[in-house]
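Analysis of the macromolecular model
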Amino acid sequence: MKIKSIGSATKRQLDAIFETYNKTFPKSPWSRSYFDSFLFSSKGRAGFFMLNRNNNLCGFILGKKQAGASDEFNLSALWVNKNCRSKGHANALMEKFISETSKKTEKMYLHFRDSNNLQAFYSKFGFINHRIDGQYKNGEPKHYMELKIRRKSLS
Ligand SMILES: CC(C)(COP(=O)(O)OP(=O)(O)OC[C@H]1O[C@@H](n2cnc3c(N)ncnc32)[C@H](O)[C@@H]1OP(=O)(O)O)[C@@H](O)C(=O)NCCC(=O)NCCS
């Protein structure tokens, strides 16, 4: 499936973001209003969509700057719809997210479920210091990784 565009989230996509997230992550459903406030009501948030040629949302990535930890950006979720997978879309969303948020932070971190075997995937983008950091509500181990951003010299 060919990609038409990648860009910053808009309110028009809220229903599609909400629906595709909950389909992908049935164990941790988020409400539509949660997405609304997450993406559009405060500063320090980032969300990027991917659309196919028919203007349907086929992938999304979102994160936020952590309150009280001014320099840490949490990559909160990444998903690609089942019918769009294995075509490099997650790679493209990760590259977009990292290039945009790198301007605003010196460190990025994320968590993922034990059942999502994604350590090698995130390592490719420079995420390191993998460890188990607690567990999810269902007892599944919670994996942690972080990315240290090297600021380019301004000279
Ligand atoms: C994980 C996910 C985002 C990958 O999306 P995708 O568009 O199919 O991925 P890509 O085609 O861009 O592949 C990117 C790379 O990740 C690897 N990869 C893809 N899915 C993977 C998975 N489930 N586990 C481990 N590696 C995976 C690919 O082999 C590829 O490696 P390469 O670049 O070295 O060839 C997608 O399967 C998904 O949405 N899964 C359910 C939700 C999820 O687990 N999200 C991430 C945790 S929050």
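Refer to the structure above for everything that follows.
Everything numeric here is computed off the predicted structure, so don't read it as measured data.

For the rest of this paragraph, the subject is the environment of A67. Among the secondary structure elements, A67 is positioned in the loop between β3 (57-65) and β4 (72-80). When the C-alpha atoms of A67 and G126 are compared, they prove to be 24 Å apart, with 59 residues separating the residues in sequence.

Taken together, the seven bridges between strand β5 (residues 107-113) and strand β7 (residues 141-148) define a ladder with antiparallel strand orientation. Each residue of the ladder has a partner; that of F112, found in β7, is H143. One ladder, built from four bridges, connects strand β6 (residues 128-135) with β7; its direction is antiparallel. Bridge pairing in β7 places I132 opposite H143. Where β6 folds back on β7, the antiparallel hairpin that results is connected by five residues, among which G139 adopts a positive phi of roughly 90°.

To continue, consider the site of the ligand. If you check the shell around the ligand, you find 17 residues, and the closest are W79, V80, R85, H89 and A90. Listing elements by their share of the shell around the ligand, those giving two or more residues are β4 and α3 (89-101). Considering every element that reaches the shell around the ligand, the biggest residue donor is β4, with four residues. Residue composition of the shell around the ligand, grouped by class: eight nonpolar, seven polar and two charged.

Conventions adopted
- Residues numbered from 1 in each chain as written.
- Predicted model: local features only at pLDDT ≥ 70, side-chain atom pairs only at ≥ 80, totals over all residues.
- Helix = DSSP H or I, 4+ residues; strand = E, 2+ residues; numbered from the N terminus.
- Pairing = 2+ DSSP bridges.
- Near = placed C-beta within 6 Å.
- Nonpolar A, V, L, I, M, F, W, Y, C, P; charged D, E, K, R; others polar.

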